[in-house]
Amino acid sequence: MQDLAEFRNSQVQADGRYRDDRLRTYLEYEDHWPFLIKSQGEIAGFALVRKSKPMTHVIGEFFIRPEFRGTGISALAVDRILQKFVGNWEIPFQNENSRAASFWRKTIKQLGYQATEIESTESSTDLLLIFTS
């Protein structure tokens, strides 16, 4: 969440943590799936996937620890998630977050998908990649 704080105006709480209400949603509701991403037995990051409408899934959150970035684990994790939930996809990201925007555009293309990029209706700062796996 720290990486997103810059782009979502999130504040650290008094106990030093960021809000966890989104994570709790993924742990409590059907059609929401949290994933830990591991590399050589170590937690490298996480992904939060949800169903947004019939046959459409969203990677709502995706995070890889800085020391694992650039190792290929990110693309491998995305590939496995897309294979697990075949159908339509929406991947939101903030265009101001140039690292995330570049990652999603490059990775989806490298994995062989043709995505359309549109502005999100939920937020004026978000863009969506839309494609079918």
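A brief report on the enclosed structure follows. No experiment lies behind these values; they were computed from the predicted model shown.

## A closer look at the nonpolar core
Point 1. Counting residues in each nonpolar core, the largest one holds 24 residues, and the members touching the most others are Trp 89, Trp 104 and Ile 108.
Point 2. Considering each element in turn, this core owes the most residues, 5 residues, to helix H3 (residues 73-84).
Point 3. With sequence-adjacent residues up to four places away left out, Ile 108 is seen in contact with Val 78, Leu 82, Ile 91, Tyr 113, Ala 115, Leu 129 and Phe 131.

## Concerning H3
Point 1. In a regular helix each residue adds 1.5 Å, so 12 residues correspond to 16 Å; H3 covers 16 Å between its end C-alpha atoms and thus fits that length.
Point 2. Residues of H3 that are buried include every one of Ile 73, Ser 74, Ala 77, Val 78, Asp 79, Ile 81 and Leu 82, and no others.
Point 3. Where the residues of H3 are buried, they touch strand E1 (32-39), strand E2 (42-53), strand E3 (56-64), strand E4 (88-94), helix H4 (98-110) and strand E6 (126-132).

## Structural notes on unusual backbone geometry
Point 1. Positive phi is not limited to glycine here, since Asp 31 has a value of about 60°.
Point 2. Relative to the assigned elements, Asp 31 resides in the loop between helix H2 (21-28) and E1.
Point 3. For Gln 40, which is not glycine, the phi dihedral falls at a positive 50°.
Point 4. Relative to the elements of secondary structure, Gln 40 occurs in the loop between E1 and E2.

## A closer look at the pairing of E1
Point 1. Summarising the sheet, E1 and E2 pair through 8 bridges and their orientation is antiparallel. Residue pairing for E2: Phe 35 is matched across the bridge by Ala 47.
Point 2. Remark: 2 residues form the turn of the hairpin made by E1 and E2, two consecutive strands paired antiparallel; Gln 40 in that turn has positive phi of roughly 50°.

## Focus: the side chain of Ser 39
Point 1. Along the chain, Ser 39 turns up in strand E1.
Point 2. Beyond its immediate sequence surroundings of up to four residues, Ser 39 is in contact with Ala 44, Phe 68 and Ile 73.

## Examining the sheet that holds E1
Point 1. Ordered in space as E1-E2-E3-E4-E6-E5, the 6 strands form an open sheet in which the pairing is mixed. Two strands bound the open sheet, and with one partner strand each, they are E1 and strand E5 (116-119). On average, each strand axis in the sheet is inclined to that of its neighbour by 30°, with strand direction left out of account.
Point 2. When E4 meets E6, the two strands line up antiparallel, connected through 7 bridges. In the sheet register, Glu 90 faces E6, and the bridge partner there is Ile 130.
Point 3. Running at roughly 160° to E3, H3 makes contact with E1, E2, E3, E4 and E6 of the sheet.
Point 4. This element, H4, spans E3, E4, E5 and E6 of the sheet and lies at about 155° to E4.

What counts as what
- Residues numbered from 1 in each chain as written.
- Predicted model: local features only at pLDDT ≥ 70, side-chain atom pairs only at ≥ 80, totals over all residues.
- Heavy atoms only, no water.
- Core = buried A, V, L, I, M, F, W, Y, C linked by side-chain atoms within 4.5 Å.
- Buried < 20%, exposed > 50% of the residue type's maximum accessible area, 1.4 Å probe, protein only.
- Helix = DSSP H or I, 4+ residues; strand = E, 2+ residues; numbered from the N terminus.
- Contact = heavy atoms within 4.5 Å.
- Expected span 1.5 Å × (residues − 1).
- Pairing = 2+ DSSP bridges.
- Axes fitted to C-alpha atoms, helices over the stretch in contact; angles between N-to-C directions.

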